[in-house]
Amino acid sequence: MPAGLNRALLTVAGAVIAIVLAIAISSVAIVAAGANPLDAFAAFFNFGETPRAVVNGVAAFLNRAVPLFIAGLAVAVGFRMNLFNIGVEGQYRLAAICAAYVGSTFTAPAPIQIAVIVVVAAAVGGLYALIPAVMKVTRGVNEVIATIMLNYIAINLTSFLVRGPFAGQRGEGQLTTTTPELADSAMFPNLNFIFDWFGQPSPTRGGGLWGFLLLAVVLGLAVWVVLERTRFGFNVKASGLNSPAALASGVDPKKMIIAAMVLSGGIAGLIGLPEILGDRGAFNSNFTAGLGFLGIAVALLGRNKPVGIAVAALLFAFLDRAQGALQFAEVPASVITIIQGVIVLLVVVANEVTKRLALRLEEQRAAQQLGRNTPVEVAA
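- You'll find the chain entered in an unreviewed UniProt entry as Nucleoside ABC transporter membrane protein, with Nonomuraea polychroma given as the organism.

**Let's talk about the packing of helix 4 (residues 88–104) against helix 13 (residues 291–301)**
Consideration 1: At a minimum axis separation of 7 Å, helix 4 and helix 13 run at an interaxial angle of 135°. By the criterion of interaxial angle, the relationship of helix 4 to helix 13 is oblique. Two packed elements cross with a definite hand, and for helix 4 against helix 13 that hand is right-handed. Along its contact with helix 4, which presents Val88, Glu89 and Tyr92, the element helix 13 presents Leu291, Gly292 and Phe293.
Consideration 2: Its residues placed into classes, the contact of helix 4 with helix 13 shows 4 nonpolar, 1 polar and 1 charged.

**Considerations on unusual backbone geometry**
Outside of glycine, negative phi angles account for most residues, and trans bonds account for most peptide bonds.
Consideration 1: The phi dihedral of Asn82 is positive, around 60°, even though this residue is not glycine.
Consideration 2: For Asn82, the position within the fold is in the loop between helix 3 (51–80) and helix 4.

**Focus on the side chain of Ser104**
Consideration 1: Tracing the backbone shows Ser104 in helix 4.
Consideration 2: Side-chain polar atoms of Ser104 contact the backbone oxygen of Tyr101, separated by 2.6 Å.
Consideration 3: Contacts of Ser104, omitting those with residues within four sequence positions, involve Pro180, Glu181 and Leu182.

**Topic: the pattern of salt bridges**
Side-chain pairs of opposite charge can arise whenever the charged atoms involved come near each other.
Consideration 1: Overall, the coordinates contain 7 salt bridges when judged by the stated rule.
Consideration 2: Across the salt bridge formed by Lys305 and Glu228, the nearest N and O atoms sit 3.4 Å from each other. A residue pair is termed long-range when its members are at least 10 positions apart, and Lys305 in the loop between helix 13 and helix 14 (306–321) and Glu228 in helix 8 (residues 212–229) qualify at 77 residues.
Consideration 3: Each of Arg80, Glu228 and Lys305 takes part in a single network of salt bridges with overlapping partners.

**Structural notes on the packing of aromatic side chains**
Consideration 1: Taken as a whole and assessed by the stated rule, the structure comprises 9 aromatic pairs.
Consideration 2: With centroids separated by 5.2 Å and ring planes inclined at 55°, the aromatic side chains of Phe45 and Phe318 adopt a geometry described as tilted. Of this pair, Phe45 sits in the loop between helix 2 (37–44) and helix 3 while Phe318 sits in helix 14, and the two are 273 residues apart along the sequence.
Consideration 3: Under the relative-accessibility criterion, Phe45 is labelled exposed at 62%.
Consideration 4: Measuring from ring centre to ring centre gives 5.6 Å for Phe188 and Phe212, while their planes differ by 65°; the resulting arrangement is edge-to-face. Of the two residues, Phe188 sits in the loop between helix 6 (143–163) and helix 7 (193–197) while Phe212 sits in helix 8, which places them 24 residues apart along the sequence.
Consideration 5: Since its relative accessible area comes to 2%, Phe212 is described here as buried.
Consideration 6: Grouped by ring-pair contacts, the aromatic residues Phe41, Phe44, Phe45, Phe61 and Phe318 constitute a single cluster.

Conventions we followed
- Residues numbered from 1 in each chain as written.
- Predicted model: local features only at pLDDT ≥ 70, side-chain atom pairs only at ≥ 80, totals over all residues.
- Heavy atoms only, no water.
- Axes fitted to C-alpha atoms, helices over the stretch in contact; angles between N-to-C directions.
- Helix = DSSP H or I, 4+ residues; strand = E, 2+ residues; numbered from the N terminus.
- Parallel < 35°, antiparallel > 145°, perpendicular 65-115°, else oblique.
- Left-handed = near helix turned anticlockwise from the far one by under 90°.
- Contact = heavy atoms within 4.5 Å.
- Nonpolar A, V, L, I, M, F, W, Y, C, P; charged D, E, K, R; others polar.
- Polar contact = N/O pair within 3.5 Å; in protein donor to acceptor, adjacent residues only side chain to side chain.
- Salt bridge = Lys/Arg side-chain N within 4 Å of Asp/Glu carboxyl O.
- Phe/Tyr/Trp six-rings, centres within 6.5 Å; stacked < 30°, edge-to-face > 60°.
- Buried < 20%, exposed > 50% of the residue type's maximum accessible area, 1.4 Å probe, protein only.

The following block contains the structure:
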């Protein structure tokens, strides 16, 4: 069996075993919470009783996966460079409010207005990520500490902006404050026609199926090409694996740190756009939080590969969507957090075990081939 296929099978087997163990451990937690595990797991697959409820549930599930996927990509770019960009949380919030405000200040044809909003979001996220990158290459400041501190600054700065300089008109009886509403030309067209293809009614909640899903797919392909098929991606990986060796081969690790962090921040800046351009049309004081931190778990679960990140984002979105159904089944919603945490922990352990097992098998295969004095092909 080829070494690459052998390693892939071990990886899949490890992930399956980890998820099965996570279900078993989560069952214990559900029983401890006084609920029935079968009721809980049945609730995960309960999308509703009517066709309309089902399509709303499917749209909510896919809509939740989109920002998680983008967050996972942002974190993964840093991970490939051995950089822990914990600041994705702050980068996307600051980018979202700036993009929403700038987008509300003018009206243009839809392609132009949406493009400007996307560029502003990516620019703000990238520039904010530039701060810890410069601190690291010039002063040696650990990027974990720097990005965590910058998260607090960004979160509080965002709260100030949405209640102050960037605040829009506040309706009578409205408890939240928002940026000015975007024009209709700034809203991303939805993908509800997909449900028509299957003879299903269109979703009616949350703006339907967000069109930003297509942009997320394109973004995932672009990240894969950049990291796996370009010299830049090779330099990022080489610098992350062995900085002195990369420097000896002509790669400047400091430049790669800055480039990787800015790219990670630029992607992070897009995390909030699916919600703004697909549903809300503004940034408000109750804007969805925590996507940056969830992106870390998604990237780890997806092993920093766009395809794996997509699968991990769908899994997390599937679990998150079940919160309402779990409450109807009288199961604590905190079970979802337990399951997510256990899955990530076990998958990380399984990845390490399968990695060592695959390496040992390749060493044994190489030793056997050397014993026969035949050419040896060892996977990288």
